Amino acid sequence: MRNVTLVHETRGQVPLPAGGELELFSFDPEAGTLYCVAAKHLLVAYSIKAGSVLFSFDLDKAGVIAQDTTIVTLQYIPDLSAICLATRAGDLVIYDLARKDAECVGMVDAGIFSMAWSPDNEILVLATGNKTLLYMTKEWEVITEHPINPPKPPSSTSTSSSSSTPAQASTPTNDEDIKEVRLSWRGDGNFFACTTINAHAQAVLRVWERSGSVHAYGEDTPMLGTPLSWRPSGSLIATCQNTPNKQEVIFYERNGLRHGSFPLRAPATTVRDILWNADSDLLALVLDDDANATGCIVQIWYMSNYHWYLKREIRLQDRTCCAQWDPADAFGLIVATRRGSVSRYDFAWDYDVTHRFSEDDKALAVVVDGATLNLTPLRYSAVPPPMCASKVALPAPLHMLAFAPHHNGFLAFTCDGHLLVLGGGKDWTPGSGAHLDAPECIASALVPRDQLDVVSLRLAVWVTPDTFVAVSPASSPSERDAVVYIRVYIAGTGLKITQIARTTAPAPVLRLLHNSQTNSTFAEFVDGSVHTLTLASGSCSLSSSPLLRLPGPCPWIASALWAGQERIVALSTRNKLYVQDTLLAADCNSFSLHDRFLVYTTLSHNMKFVPLSKPPPSPSLDASSLASPSPSTPTPSGKAPAKPKATRVIDDSAREVERGARIVSVVPCDIKVILQMPRGNLEVVYPRALTLSRLRTMLRRHEYGECFILMRKHRIDMNLLYDLDPSDFLAHIATFVSQVTNIDHLNLFISSLRDEDTTKTLFVDLEAASAPSGDDKVAGKVNLVCDKLREELNRVSSQRYILPILTTYVRKSPPELADALLLIQRLMTKHDIEVARTLAQEGEVNVRDEADEEENDETDEARNVTARAALDYIVFLIDVDKLYDVALGMYDFDLVMMVAQKSQKDPKEYMSFLTSLQQMEPALMRYTIDASLERWPQALANIAQAGPDHFETALDLISKHSLHVLGLEIYKDDKERIGAVRNLFGDDLYFRGRKEEAGYIFFSCGQYEKAFSSFKDISHWRMALAVASKLGYSEAARKELSHELADTLRNLLRFDEAALLLEEHCGEHEAAVTALVDGHLWDDAIRLCLLHNFQETIEKEIHPAVLEAYRSATADLNEKRDKFARHATRLGIVRANKLQFAQLGIDPYTRRTRPDGDDDSVMSGMSAASSASGASSDFSSYSAYSAYSTSSYANSAATGVSFTTLNTTKGKLKKGEKKEKREKVKHRVSGKEGSRYEEEYLVDVMRTMFPSANTQKAMGGLERALVYFNHVSEAHQIDALFSAYLHLIDSNLGLLSRSATAVAQESATRGSAYKQSNRDKEALVANTDTVVEPVIIHD
């Protein structure tokens, strides 16, 4: 599908002496220099870029060759920095470019027919006049010499293996009359081919190995031509065959066998030379025009799908002396004529396809094949080449073409100067036939060369209906290209050029570009600058300053409206794709513009889509991937980068394609992308990005019918219909039902629904301004859509849409199978009514003979067809056994029978069961069914209706299935039985440990003994005493009970309640004071003593207890402070050591290098605990790089995850995981110095040393008591110790990880409570002299 486009042409003239002609040349690609040999043996170095002669050297004057000889071969040798020449007389000459001198390095007495250097310039092969091949090194040492035409072995008919050498061959053939020899090396230098032509025009082909042995003998081919060229890739050897009827280019394989051919299309021509380009894909033929003695033709051929296309024809007015492809640039061709004219043609591959960003654009692809244009409208069909939808014949081979900006036609320029306008056609849409009608020639004209040299123009662009622009090449490198403005007038079938204007370009033009959307035209120059081309009335002009300067020349360029601005998209020969001057991709091999996306393919065999609705990605797509850290590089946190988590989000911005695939066209306003594979065949793909973009547009226009068909065709999840805009879909659900009328389609849509927002997972909108956020789970979505859709279906026609309505019931969560079966039940009832009405109208209601019974049987069968069909459908959707249970639970035996018939159940089983049910009372029957279905709440309700005889069964049901709450509700009005139900409920609560609730339930139903036992077990002393009164306890018994409860409360450390119980119920005030002192409740103890005038108790009991508590607290604080300080110091050392080893990538425990991407990094610390708890990344690890920093307990508790929670996470672990977890916990508990888990152990211990709110409250009470007893200095001392301890903890919080220092939520207020407590205590100490009674401070 690709065509060869001429993008640049450089012309020059080699100055020659009078009457002289060019004979040979060789090209130096690095310097861009042409080394020519003119007549009279003049060696000339000509710079194509500068257009000047660098030097000339007269070989005759130097005396290095014979004056009457002919130079047969000229070749530039880069390794020697020299030019090697061979003459027919046998002279072998080297011209040293550095010394600017020539030297004859050898002489072959018999003469030289041809010379060829190997591609690596290590071996030289000479075809000598002795009919031998002479092998030499680049140091001019002879390697070997063999006969040039060794005969075939007698056993061979066409070829022979490389094992046969010339010495072993039979007697040589008579080759004294050799006239010409051609040599051609394979690209890798391991083989070369040799053809010899005798005076009788008989040619012989031989394939030689580098070592000098014959590899293969060419197949006998009559009238074989002289030209010879071995494809650099090594697959084919090209030569020609001249038969009386035709001329062909034929190909041989390395083994000498024929391998295809193609005929020449230029009559009366002779093939002079055959040339392969460096990429082995283009074949150039140099033809002498037999009809024109001074004319010459250069043809460029290309093969695809085993068909040879004539892609370009260059007609010259002078005979060509030589042509050569640029070895460094596969698309550069240098042609020199005998008169010294030199032209360099730079080509590029192009897919010539119309592209107008409109729905009427047929994406017409034009494939050039000489004078035939193969046309295919890709919007309708993708006919693989060499076939096509239609063909157009031109008067001569095509030179170039330009597509119309306003219709599907194009402008064609031919090599003979014709200008044709093609378009229209009878029908551009697929008709009933197999082919599409070809466009017609609207107008044509042969443009005189003196008016406009059409053949010299390139890069034509059709701008307006009567105007086009093109580039005219400079006649020499010192001049500049010109942009030509051409206006034409079409009269009938004639075409006339009415106006021509030229503007000189500041640099050689590489491309012209026209955007039909914005009606703007641009010109790109070889330096990468892009200028605006302004077309005025009758003239054109280029902007003085460049609109854009690309990083380099880009042969492929396009313009698009991108995010509201017109931007240039360009692709360089080095596979770099740019948007403006920003690199978008560094491995792009083709691109095309869609009306919504930029689509491009990469060398890694991916097709990518960039939306045009958003600004171009910055930084580039490839740069972002290159900037990401490698797995072995530590991140700033000190850990190896975490492995990415698996996600369900599907990226539609890229998809894989076949290796080497290129974009032919992205059909505008459609979803097709046509790709061409390397072998030439076409593939049409429908990328999800384009398909989804099209679907979104159709859904916003409420085109649900077409959208559904498109989604079904391309297997797009039907949830998108709703998820794109849920409120809009529900508002237009009537439109949806009116457009999607097919029952199966509605069922498919309903069955595809699920509680997921596919716009956040499967179908992320690439054109959206921002990425979707939030949870992809949508609770209740299926139920909502089913309900709304069912309402609309019932409104339109409940009879027609019975199956979709059933589907809406089944698809709900949970499925409403009972409602679905009720619908089927109503269908059956409705038919019964219709049958009854029919019989009544016919007067046969009371007639019951046999005929009527048969008719009724037939009517019953007809009546059940709809119901049975609906049942068959719902059985297809749901398990029939579940459906049977639901039908049974509806207590409709007819429906149960219908469902049972669809199942695999044995009629002997269910028939007996159903018969027994029908014989029961209704309530008992329903209970039996519910019990069999394990519907225990319904069973309890039904057994309760069965009467008091079944109350024991009900109690057993309540007890066995924990239906106590329901039982209370059912029997709430039955005063005789509610007590028994409550008693059961109380027993259940008691055995489940909810003894307080059980006590109240027992109390409500008069079970006082059980209530008393429940309250006493939980030390609920108030209710226990109240129930004891109900049980008639005496005063002494109640007092004894109070003592017992008080002892229990003291054991439970509930000293305040024990004191209250002793004081109020026992009258023992001194025992109450003792309980308060034991609980360090100094304020309450002092208050009680003062209330009852126990001054002696204050001094003898409370005062010594306060001092003892002071001494104990002081010792405890000192011990904890020292222990915390030691752990903090050791933790810092452990962190520092780990940091040093982490920077070296070494595990500090094993002294081994950590593997790349190791999740169990030495810097992970708490990774085991974090992974076990499922904590998020916010609770990362005990890392020395941790950004955690805080100065309050509120921050330390902000995580809300306790260390205990981390270690006691419930979950199912495998046996090996459990063992590993136990071992890790063991190591953490031990905290052995230097162990892997030492850091974790230290943090755990330090966390447990945080003072709780109760501890702070106790400290405050102790300090107030010390002040009360006038121990102010001790109060200051204990306050200073506690403050220092808190400051020590606060200063070391930065060492602790968030996940490790998480504490209970109540600890969040410790810091503020501590500060407020300090302020209150300072105020209390400052006013010591005025204190008479204790001040109660609430912490």
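How each quantity is defined
Residues numbered from 1 in each chain as written. Predicted model: local features only at pLDDT ≥ 70, side-chain atom pairs only at ≥ 80, totals over all residues. Heavy atoms only, no water. Helix = DSSP H or I, 4+ residues; strand = E, 2+ residues; numbered from the N terminus. Contact = heavy atoms within 4.5 Å. Areas by Shrake-Rupley, 256 points an atom, 1.4 Å probe, with all protein chains shown as cover. Buried < 20%, exposed > 50% of the residue type's maximum accessible area, 1.4 Å probe, protein only. pLDDT = per-residue confidence, 0-100. Pairing = 2+ DSSP bridges. Axes fitted to C-alpha atoms, helices over the stretch in contact; angles between N-to-C directions. Salt bridge = Lys/Arg side-chain N within 4 Å of Asp/Glu carboxyl O. Parallel < 35°, antiparallel > 145°, perpendicular 65-115°, else oblique. Left-handed = near helix turned anticlockwise from the far one by under 90°. Nonpolar A, V, L, I, M, F, W, Y, C, P; charged D, E, K, R; others polar. Expected span 1.5 Å × (residues − 1). Arc of directions from axis to C-beta. Lys, Arg positive; Asp, Glu negative; His and termini not counted. Polar contact = N/O pair within 3.5 Å; in protein donor to acceptor, adjacent residues only side chain to side chain. Phe/Tyr/Trp six-rings, centres within 6.5 Å; stacked < 30°, edge-to-face > 60°.

Once that is clear, we can look at the overall build of the protein. A tally of helices and strands in the protein yields 36 helices and 55 strands. A sequence separation of at least 24 residues applies to 52% of the contacts in the protein between residues at least 6 apart. Of the roughly 61,700 Å² that the protein leaves accessible, carbon and sulfur atoms contribute 50%.

Of the consecutive residues Pro 385 and Pro 386, the connecting peptide bond is found in the cis state with omega at 10°. With respect to the helices and strands, the residue Pro 386 is situated in the loop between strand S30 (372–377) and strand S31 (390–393). Each neighbour pair has its own omega, and for Ser 813 with Pro 814 the value is 0°, a cis peptide bond. In this fold, Pro 814 is placed in the loop between helix H10 (802–810) and helix H11 (817–841). Backbone geometry places Ser 81, a non-glycine residue, at a positive phi of 50°. Relative to the helices and strands, Ser 81 is located in the loop between strand S6 (71–77) and strand S7 (82–87). For Ser 81, a relative accessible area of 31% puts it in the partly exposed group.

Predicted confidence across the protein gives a mean pLDDT of 80, with 82% of residues reaching 70 or more. Put simply, helix H31 (residues 1203–1207) is where the protein has its lowest mean pLDDT, 30, and helix H7 (residues 733–739) is where it has its highest, 95. Ignoring residues within four places in sequence, the model shows residues 157–174, a span with pLDDT below 50, making 36 contacts including any to other chains. Below a pLDDT of 50 lies the segment residues 1298–1339, which in the model reaches 76 contacts outside its immediate sequence neighbourhood of four places, other chains included.

Spatially, 4 strands are ordered S6-S7-S8-S9 in an open sheet, and the strand pairing comes out antiparallel. Looking at which strands have only one partner, the edges of the open sheet turn out to be S6 and strand S9 (101–107). Strand-to-strand twist across the sheet, computed as the mean angle between neighbouring axes with direction ignored, equals 20°. As defined by bridge partners, strand S8 (residues 91–96) adjoins S9 across 6 bridges and the pair is classed as antiparallel. The partner of Tyr 95 across the bridge, within S9, is Ala 102.

Turning to the pattern of salt bridges, a few remarks are in order. Following the criterion strictly, the structure yields 62 salt bridges and no others. Salt-bridge contacts for Arg 688 lead to Asp 652; the nearest nitrogen and oxygen are separated by 2.8 Å. Residue Arg 688 is located in helix H3 (residues 688–700), and its partner Asp 652 is located in the loop between helix H2 (621–627) and strand S52 (654–656); the two are separated by 36 residues in the primary sequence. Several salt bridges converge on common partners, so that one network encompasses Asp 96, Arg 99, Asp 101 and Glu 103.

With that out of the way, let us pick up the packing of helix H17 (residues 936–945) against helix H18 (residues 951–961). At a closest axis distance of 9 Å, the pairing of H17 and H18 adopts a crossing angle of 160°. Our classification of the angle between H17 and H18 gives roughly antiparallel. In terms of crossing hand, the pair formed by H17 and H18 is left-handed. Contacts between H17 and H18 involve Trp 936, Ala 939, Leu 940 and Ile 943 from the first element and Thr 953, Ala 954, Leu 957, Ile 958 and His 961 from the second. Taken together, the residues of the contact of H17 with H18 sort by class into 7 nonpolar, 2 polar and no charged.

Across the 6 residues of strand S41 (residues 520–525), 6 count as buried, placing the element largely inside the fold. Side chains Ser 520, Phe 522 and Glu 524 of S41 all project onto a buried face; the interleaved residues Thr 521, Ala 523 and Phe 525 project onto the opposite face, where all are buried too. Pairing analysis gives 6 bridges linking strand S40 (residues 509–515) to S41, with the strands arranged antiparallel. Residue Arg 511 lies in a different strand from S41, and its bridge partner there is Glu 524. Two strands pair when backbone bridges link them, and S41 and strand S42 (residues 529–536) are joined in this way by 4 bridges, in the antiparallel orientation.

Inspection of the secondary structure puts Pro 327 in the loop between strand S26 (320–325) and strand S27 (332–337). Using a relative accessible area of 48% as the deciding quantity, one classes Pro 327 as partly exposed. In this view, Pro 327 contacts Phe 27, Pro 29 and Ala 278; residues no more than four positions away in its chain are not counted.

Moving on, we get to helix H25 (residues 1055–1066). An α-helical turn contains 3.6 residues, so any two residues separated by three or four positions project in the same direction. The terminal C-alpha atoms of H25 lie 15 Å apart, and with 12 residues this matches the ideal 16 Å at 1.5 Å per residue to within 8%. All buried positions along H25 are accounted for by Phe 1055, Ala 1058, Ala 1059, Leu 1061, Leu 1062 and Cys 1066. With its buried residues spanning 160° around the axis, H25 presents them on a single face. In the core, the buried residues of H25 are packed alongside helix H23 (1021–1030), helix H24 (1035–1051) and helix H26 (1069–1078). In the segment just after H25, Gly 1067 is the residue with positive phi, at about 70°.

Within the secondary structure layout, Asp 352 lies in the loop between strand S28 (341–351) and strand S29 (364–369). The side chain of Asp 352 is buried and forms no salt bridge, while Arg 511, the nearest opposite charge, is found at 6.9 Å. A polar contact is formed between the side chain of Asp 352 and the side chain of Asn 3, at a distance of 2.7 Å. Those residues in contact with Asp 352 that lie beyond four places of it in its chain are Asn 3, Leu 364, Ala 365, Val 366, Leu 401 and Phe 403.

Note on placement: Asn 277 falls in the loop between strand S22 (269–276) and strand S23 (282–289). By relative accessible area, Asn 277 is classed as buried at 0%. Separated by 3.1 Å, the side chain of Asn 277 and the backbone nitrogen of Leu 282 make a polar contact. Beyond its immediate stretch of four places on either side in the chain, Asn 277 contacts Pro 232, Leu 282, Trp 325 and Ala 330.

We now examine H17. Residues of H17 that are buried: Ala 939, Leu 940, Asn 942 and Ile 943. Close packing links the buried residues of H17 with helix H16 (922–932), H18 and helix H19 (964–970).

Below, the discussion takes up the sheet that holds strand S54 (residues 673–676). One open sheet holds the 3 strands; their spatial order is S53-S54-S55, and the pairing between them is antiparallel. The open sheet terminates on both sides in strands that have one partner only, identified here as strand S53 (662–666) and strand S55 (682–685). Strand-to-strand twist of the sheet, defined as the mean angle between neighbouring strand axes without regard to direction, takes the value 30°. The pairing of S54 with S55 spans 4 bridges and is classified as antiparallel. Note on S55: the bridge partner recorded for Leu 675 is Glu 683.

Glancing now at the packing of aromatic side chains. Per the counting criterion, the structure on display carries 34 aromatic pairs. Judged by centre distance (5.9 Å) and plane angle (85°), the rings of Phe 331 and Trp 349 are edge-to-face. With Phe 331 in the loop between S26 and S27 and Trp 349 in strand S28, the pair connects residues that are 18 residues apart, well separated along the chain. Across the pair, exposure class does not vary: Phe 331 and Trp 349 are buried alike.

Here the focus is the environment of Pro 384. Mapping Pro 384 onto the fold places it in the loop between S30 and S31. Relative accessible area serves as the criterion here: at 30%, Pro 384 is assigned to the partly exposed category.

Where strand S20 (residues 247–252) meets strand S21 (residues 258–263), 4 bridges bridge the pair, whose relative direction is antiparallel. Each bridged residue has a counterpart across the sheet, and for Val 249 the counterpart in S21 is Phe 262. In this antiparallel pair of consecutive strands, S20 and S21, the connection spans 5 residues, and Gly 256 shows a positive phi of 90°.

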